[in-house]
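A structural walkthrough
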Amino acid sequence: QVQLVESGGGLVQPGGSLRLSCAASGSFFRLNVMGWYRQAPGKQRALVATMSSGGSTTYADSVKGRFTISRDNGKNTVYLQMNSLKPEDTAVYYCYLGIIGTGTAYWGQGTQVTVSA
C-alpha cells in the first residue's frame, strides 16, 4: 500500500549541490525510519543517511559534513541536501521507509545522481 516517490536527481559538476525529495503515500505506523541508500554500477546498495520519526540521524562516513537529511513528518516526506558533491557520489539513490519493531521496509524507485568530472 505504501509508495515512495523520489525526485531531485540529475547531473551536477564536482563541488555542486542537489536536493533529493521522497514523499510517502499511504498509511503507516508513526514509529519509523526514513532515509536514503545508494547503489553505484557494479557495487552493492549502501546506506547514505537515515532519520527516525523521533529525529535521530545516521550518516555514512563518506558523506558526513557534506550531506544533510531532514524530514517533514506531517507531509511524510524526507529530504537529502547534498553539497560539495564528488564523482564518487555518482549512484542511483533509493528512498526507504522502515517500520520500527516490524522489520517491514518500503523502497522508492530510485533517482540517478551523476557527478561529472
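What this report covers is the structure whose coordinates are included nearby.

Procedures and definitions
Residues numbered from 1 in each chain as written. Predicted model: local features only at pLDDT ≥ 70, side-chain atom pairs only at ≥ 80, totals over all residues. Heavy atoms only, no water. Helix = DSSP H or I, 4+ residues; strand = E, 2+ residues; numbered from the N terminus. Buried < 20%, exposed > 50% of the residue type's maximum accessible area, 1.4 Å probe, protein only. Salt bridge = Lys/Arg side-chain N within 4 Å of Asp/Glu carboxyl O.

Notes on unusual backbone geometry
With phi around 50°, Asn76 is a residue other than glycine that occupies positive phi space. Relative to the helices and strands, Asn76 is located in the loop between strand S7 (67-72) and strand S8 (77-82). A positive phi angle is found at Ser84, which is not glycine, with a value near 50°. For Ser84, the position within the fold is in the loop between S8 and strand S9 (91-99). According to the relative accessible area criterion, Ser84 is partly exposed, its value standing at 40%.

A look at the pattern of salt bridges
A full pass over the atoms with the stated rule returns three salt bridges. The salt bridge involving Asp61 is made with Lys64; its shortest N-O contact spans 3.1 Å. For Arg66, the salt bridge goes to Asp89, with nearest N and O atoms at 2.8 Å. Remark: Asp89 occurs in the loop between S8 and S9 and Arg66 occurs in the loop between strand S6 (57-59) and S7; sequence separation between them is 23 residues. What you see here is one network of salt bridges that share partners, running through Arg38, Arg66 and Asp89.

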